[in-house]
Amino acid sequence: KTYLVLFKKVGLVVSYNTGWQKRSTGKVYDSLSGHAYIIGALTGKTIGYMVKSKTCSKCKTANRLGIDVADHECQINWDGSSGAMEAGVALELCIDLHDYKYEIYLEFIVSDDDSTMRSHLRHESDGGKLPAHIPPPRFLADPSHGIKMMAKPIFKMAKIESKNPEKSKKLDAL
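Residues numbered from 1 in each chain as written. Predicted model: local features only at pLDDT ≥ 70, side-chain atom pairs only at ≥ 80, totals over all residues. Heavy atoms only, no water.

**A word on the overall build of the protein chain**
Regarding its fold elements, the protein chain presents four helices and five strands. Its helices and strands in sequence order give the protein chain the pattern β-β-β-α-α-β-α-β-α, from N to C terminus. Out of the 174 residues in the protein chain, the part that is buried amounts to 31%. By sequence separation, contacts in the protein chain at least 24 residues apart represent 52% of the contacts at least 6 residues apart. Taken as a whole, the protein chain presents about 12500 Å² of accessible surface, with 56% of it coming from carbon and sulfur. (Helix = DSSP H or I, 4+ residues; strand = E, 2+ residues; numbered from the N terminus. Buried < 20%, exposed > 50% of the residue type's maximum accessible area, 1.4 Å probe, protein only. Contact = heavy atoms within 4.5 Å. Areas by Shrake-Rupley, 256 points an atom, 1.4 Å probe, with all protein chains shown as cover.)

Shown next, in the form of structure tokens:
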């Protein structure tokens, strides 16, 4: 008898986020390094991660001293902007998990509402950067990120209005 075994890749629901070693203001992202994680939504376990660096202390020291850089394992692995790290790393992880490491693909990604990441994770034929053989993920909003982004303006309004009781209004959001 001959058996044909077909392996289908498993679609996962994951949470994705990136952090930087230098805190951003929400408008300026200029950290020299960042780290990103993909965490399984059901298991809470790390499925993939990457660390990106725009600088290397050995290269930097050699350049400052005007000497040749000795052979070393250079840490520089990102030459784009710090703000582009989140979307770029999401694309790399999506491709790596699909093609090289596991029989999986990212079916749903729970993340902040990063339009650049959504754009990158579309097929190349749709203006994205995702190869055609990888299913594009669908996105789910991270509710805690939405709350964080809305809380600051709401509390700012409440603080302004509480200084003048005559102008105070009931804030429906609070």
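**Focus on a nonpolar patch on the surface**
Taken together, the side chains of Tyr-37, Ile-39, Tyr-49 and Val-51 present a nonpolar region at the surface, about 380 Å² in accessible area. Counting only elements with at least two residues in the nonpolar patch, the list comes to strand E2 (33-40) and strand E3 (46-53). (Patch = residues over 30% accessible without salt bridge, like charges linked within 9 Å, V, L, I, M, F, W, Y side chains within 5 Å. Salt bridge = Lys/Arg side-chain N within 4 Å of Asp/Glu carboxyl O.)

**Here's the deal with the nonpolar core**
In terms of nonpolar packing, the biggest core is built from 21 residues, with Tyr-16, Ile-38, Leu-106, Ile-109, Met-117, Leu-121 and Leu-130 touching the most fellow members. Of the residues forming this core, the biggest block, eight residues, is contributed by helix H2 (residues 85-101). Those residues in contact with Tyr-16 that lie beyond four places of it in its chain are Ala-36, Tyr-37, Ile-38, Glu-86, Val-89, Ala-90, Leu-93, Ile-109, Val-110, Ser-111 and Met-117. (Core = buried A, V, L, I, M, F, W, Y, C linked by side-chain atoms within 4.5 Å.)

**With respect to the pattern of salt bridges**
Scanning the model with the defined rule gives two salt bridges in all. The salt bridge partner of Lys-52 is Glu-92, with a shortest N-O separation of 3.1 Å. On the criterion of sequence distance, the pair formed by Lys-52 in strand E3 and Glu-92 in helix H2 is long-range, its members being 40 residues apart. Classification of Glu-92 as partly exposed rests on a relative accessible area of 28%.

**Here's the deal with the environment of Leu-106**
Its place among the elements puts Leu-106 in strand E4 (residues 104-111). With a relative accessible area of 1%, Leu-106 lands in the buried category. In the structure, Leu-106 is positioned 12 residues away from Cys-94 in sequence and 6.6 Å away in space, judged by C-alpha atoms. Setting aside anything within four residues of it in sequence, one finds Leu-106 in contact with Leu-12, Val-14, Ile-38, Cys-94, Leu-97, Pro-135 and Pro-137.

**Considering the environment of Leu-42**
You can see Leu-42 is positioned in the loop between E2 and E3. Sequence spacing of Leu-42 and Leu-12 is 30 residues, and the spatial spacing of their C-alpha atoms is 9.0 Å.

**Description of the side chain of Thr-18**
By the element assignment, Thr-18 lies in strand E1 (residues 10-20). There is a polar contact of 3.1 Å between the side chain of Thr-18 and the side chain of Tyr-16. Not counting chain neighbours up to four residues away, the residues in contact with Thr-18 comprise His-35, Ala-36 and Glu-86. (Polar contact = N/O pair within 3.5 Å; in protein donor to acceptor, adjacent residues only side chain to side chain.)

**Section: the sheet that holds strand E5 (residues 138-141)**
Taking strand neighbours across the sheet as the criterion, the five strands line up as E3-E2-E1-E4-E5 in an open arrangement whose pairing is mixed. Strands with a single pairing partner mark the edges of an open sheet, and in this sheet they are E3 and E5. Neighbour-to-neighbour, the strand axes of the sheet open up by a mean angle of 30°, direction not taken into account. Bridge count for E1 against E2 is seven bridges, and the pairing is antiparallel. Bridged to Tyr-16 within E2 is Ile-38. (Pairing = 2+ DSSP bridges. Axes fitted to C-alpha atoms, helices over the stretch in contact; angles between N-to-C directions.)

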